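# Structural overview
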Amino acid sequence: MTQLSDIKIKDIDVLVIGGGTAGPMAAISAKEKDPNASVMLLEKANVKRSGAISMGMDGLNNAVIPGHATPEQYTKEITIANDGIVLQKGVLEYAERSFGMIQKLDNWGVYFQKDETGEYDVKKVHHLGTYVLPMPEGHNIKKILYRRLRRNRVVVENRYQAIRLLKDDDGAVSGCIALATRDAEVIVIRAKAVVLCTGAAGRIGLPASGYLYGTYENPTNCGDGHSMAYHVGAELSGLECYQINPLLKDYNGPACAYVTGPLGGYTANANGDRFIECDYWSGQMMMEFYNELQSGNGPVFLKLDHLAEETIEEIEQVLHTNERPSRGRFHDGRGNNYRTKMVEMHISEIGFCAGHSASGVWVNEKGETTVSGLYGAGDMASIPHSYMLGAFVYGEICGQNAVEFAKNRSLPALDDSFILSQKERILAPLQREDGIPPHQFEYKLRRLVNDYLQPPKITKKMDIGLQRLKDMERDIEFLYARDPHELLRANEAQHVLDCALMAAQASMYRQESRWGLYHHFVDHPETNNEDWFCHVQLYKDDNDQMACKKRPVDPYVIELDEEEKTAYQKMRIQKVS
Amino acid sequence: MPTANQITTVPVVVDNDKCIADKGCRTCIDVCPLDVLWIDEKTGKAHMRYDECWYCMPCEADCPTDAVTVNIPYLLR
Ligand SMILES: Cc1cc2nc3c(=O)[nH]c(=O)nc-3n(C[C@H](O)[C@H](O)[C@H](O)COP(=O)(O)OP(=O)(O)OC[C@H]3O[C@@H](n4cnc5c(N)ncnc54)[C@H](O)[C@@H]3O)c2cc1C
Ligand code: SF4
Ligand code: SF4
């Protein structure tokens, strides 16, 4: 039996978990606020090239820039796009800090598109306001963040998977247990405050191709943070509001709204006709997409073949060099050419992501979760539609607040027996001589998610799905890993299972339909504001069971006009073509 | 539960003539977010050990000798 003295323990003031987008900003902001504090950035991959923006980004999807949009207008737009279920204070806080963050990044050398007069060249994509700012040179963003991490002397630890959060006797978070992914060493990082920035839970559903790693999200983002937050006792919110995106068929790159939309491209049906009013990603838009796929007019296509040669070249320049540069290769292999034919599109697998929808670990406008000392930013936290700029803004908020929290706290005590039992649990697959390989376990689990959990949601199917997933919990003791890399996958797969169970539980709890396709519940087809105008919070109850409860929506700080409320429900083009 | 060995075609190809891993280079291995590139013990060069690729391309973009080619995984091609 190992003892605690065999385990390496590192002490730090602020621990940031996940070095993609929000994480580096959180770590840098904590150091900028208090240069004497010790700050560690723990990353499963390598911060140089990790996360959703590993190769760069095509643009800001939600920039609130004076002269083009106001924070109030943006807050309204996001409230409406989310059918009213939002913490408006959280959205407004983002919107008010959005322009400051753009200026900060601009000062750091991130290049945003400007027009002839030197003003930001903002484009209209959303239904009501104007918020999209292209970044044709978006590929240097990780380098710039990395330089700032170095300059601020943030301690960077690459190739560690955080697996469980620790807490002290008062219930405050006290660090994490992590696994070195190349040599399977289990270590403890004791911290006075922790910021979770682990990104979306992108490996819940299975892409239609059947390739486990062909997900929309960077597959390192498998829901570790969601699972860790759940197990330490934090509430998660809106998990029934799945992330589902319109993508190219078999290729996980986004296509339409933000890059091609402003240049005249659009989503069309098999006849080449437009059928949605607004390509901005929302549940209602996805519902129309789904309806068209099911109808005789499907499948759905990205239509660019009507555009001028220069425009297509401009689109290719952005789409094939920045965030998903393998896209050109995919098209070449299929003989696709934007000039001559429309490109088939499809619906992505389901996931949790506040960056694009509203599902995640609950945080308030200070980035605080419901567990003391634990903060959350970016795709894994619940501030809706936050995208890249939201990850930066909440990274900054969390970094500043976490370092403040840490200042007033001494190093917490550690729970030895918990740490030792977790170490044993984490390493168990490596001790076995045979058993279930992680990829097989994960394939089955995600196939079940597609069969039973993906919309349209049906009670009977959800019941079966939940039962089958619970049966899979019994397979965990047979997971088998031959090397440290497979051990990483075995631990990830267990978090994917947690996320799938959470998706099912939250979906069954909300007995209405809302957010278009995201929560299209066939047994309860109507939106029921009387009973369900609330957040659904998922948490671990006193008996260690998954439970849900309602949380009232906080009074709005910005009221909506009557006709604005339904703006996103009128997505289908009315005219008969 | 007994197991079997199954093979799979992998999307990333390293040109052994160009790869300078024997001179200490580990760039592609360092940057891969999925940690699927390792040193092949037989050749001493980088290779794709696990078929778990997001075809995101930092490995190819950052390789100092242009030794890496990222293809689209067969299932999606
Ligand atoms: C393909 C794609 C295109 C997009 N395009 C745009 C766009 O054009 N404009 C826009 O504004 N937004 C866009 N977005 C959204 C935007 O990129 C994200 O909202 C934002 O980058 C999320 O930041 P994050 O820090 O939450 O997650 P990430 O940047 O993904 O970072 C999460 C990090 O956590 C690490 N991690 C995960 N688990 C662990 C663990 N257990 N231990 C340690 N580390 C861990 C991961 O390795 C990763 O580095 C896009 C997203 C994708 C996937
Ligand atoms: S980056 Fe290029 S040269 Fe370096 S190890 Fe990889 S393939 Fe070889
Ligand atoms: S394409 Fe991306 S995931 Fe695939 S080997 Fe290269 S860096 Fe790794």
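Remember, it's a predicted structure, so these values are computed and weren't measured experimentally.

Not every one of the 15 residues close to ligand 3 is listed here, only the nearest: B:Cys32, B:Cys53, B:Cys56, B:Met57 and B:Cys59. The residue inventory of the shell around ligand 3, partitioned by class, reads 15 nonpolar, no polar and no charged.

Now for the sheet that holds strand S13 (residues 343-347) of chain A. All names here are of chain A. Here four strands make up an open sheet; going across it, the order is S10-S13-S12-S11 and the pairing antiparallel. Both outer strands of the open sheet, strand S10 (246-248) and strand S11 (266-268), are each paired with one neighbouring strand and no more. The mean angle between the axes of side-by-side strands here comes to 40 degrees, regardless of whether they run parallel or antiparallel. Here S10 pairs with S13 via three bridges, running antiparallel. Bridged to Leu247 within S13 is His346. The strands touched by helix H7 (residues 283-294) within the sheet are S10, S11, strand S12 (300-303) and S13, with S13 carrying the most contacts at an inclination of about 115 degrees.

All names here are of chain A. Membership of the largest hydrophobic core comes to 204 residues, with the highest contact counts inside it found for Leu15 and Leu165. Sequence-distant contacts of Leu15, defined by excluding residues within four places in its chain, comprise Met40, Leu42, Cys176, Ile189, Ala191, Ala193, Val194 and Val195. Counting residues in hydrophobic clusters, the runner-up holds 16 residues, among them Ile7, Leu179, Ile419 and Leu420.

On to the packing of helix H2 (residues 71-81) of chain A against helix H3 (residues 88-108) of chain A. All names here are of chain A. Viewed as axis vectors pointing N to C, H2 and H3 meet at an angle of 135 degrees, and their least axial separation amounts to 9 Å. Relative to H3, the element H2 is oriented oblique. The element H2 and its partner H3 pack so that their crossing is right-handed. On H3, the residues that touch Pro71, Glu72, Tyr74, Thr75, Ile78 and Thr79 of H2 are Gln88, Val91, Leu92, Tyr94, Ala95 and Glu96. Among the residues forming the contact of H2 with H3, the class breakdown is seven nonpolar, three polar and two charged.

Residues and elements named next belong to chain A. Reading across from one edge, S14-S9-S16-S17 is the order of the four strands in this open sheet, with antiparallel pairing throughout. Of all strands in the sheet, those bounded by a partner on one side alone are strand S14 (360-361) and strand S17 (546-552). Sheet analysis places strand S9 (residues 236-237) next to S14, joined by two bridges and oriented antiparallel. Paired with Ser237 across the bridge in S14 is Gly360.

Here we take up the packing of aromatic side chains. How two aromatic rings sit relative to each other is given by the distance of their centres and the angle of their planes. All names here are of chain A. Across all of its chains, the model carries eleven aromatic pairs over all chains by this definition. Between the aromatic rings of Tyr375 and Phe405, the centroid separation amounts to 6.4 Å while the plane-to-plane angle is 75 degrees, which identifies the pairing as edge-to-face. With a gap of 30 residues between them, Tyr375 in strand S15 (residues 374-376) and Phe405 in helix H10 (residues 387-407) connect regions that are remote in the sequence. Looking at Phe405, the relative accessible area reads 25%, which means it is partly exposed. Pairwise contacts between aromatic rings join Tyr74, Tyr94 and Tyr131 into one cluster. Just above the ring of Tyr266 sits the side chain of Arg274; from NZ or CZ to the centre is 4.2 Å.

Further remarks concern the site of ligand 1. All names here are of chain A. Looking at ligand 1, there are 35 residues lining it, with Thr21, Glu43, Gly59, Asn221 and Asp379 nearest. Within the backbone of Gly20, a nitrogen or oxygen atom sits 3.5 Å from an oxygen atom of ligand 1. Here Asn61 contributes a side-chain N or O atom positioned 3.2 Å from a nitrogen atom of ligand 1. Out of a free accessible area of 1000 Å², ligand 1 has 99% covered by protein chains.

What counts as what
- Residues numbered from 1 in each chain as written.
- Chains lettered and ligands numbered in written order.
- Predicted model: local features only at pLDDT ≥ 70, side-chain atom pairs only at ≥ 80, totals over all residues.
- Heavy atoms only, no water.
- Near = heavy atom within 4 Å.
- Nonpolar A, V, L, I, M, F, W, Y, C, P; charged D, E, K, R; others polar.
- Pairing = 2+ DSSP bridges.
- Helix = DSSP H or I, 4+ residues; strand = E, 2+ residues; numbered from the N terminus.
- Axes fitted to C-alpha atoms, helices over the stretch in contact; angles between N-to-C directions.
- Contact = heavy atoms within 4.5 Å.
- Core = buried A, V, L, I, M, F, W, Y, C linked by side-chain atoms within 4.5 Å.
- Buried < 20%, exposed > 50% of the residue type's maximum accessible area, 1.4 Å probe, protein only.
- Parallel < 35°, antiparallel > 145°, perpendicular 65-115°, else oblique.
- Left-handed = near helix turned anticlockwise from the far one by under 90°.
- Phe/Tyr/Trp six-rings, centres within 6.5 Å; stacked < 30°, edge-to-face > 60°.
- Lys NZ or Arg CZ within 6 Å of the ring centre and 35° of its normal.
- Polar contact = N/O pair within 3.5 Å; in protein donor to acceptor, adjacent residues only side chain to side chain.
- Areas by Shrake-Rupley, 256 points an atom, 1.4 Å probe, with all protein chains shown as cover.

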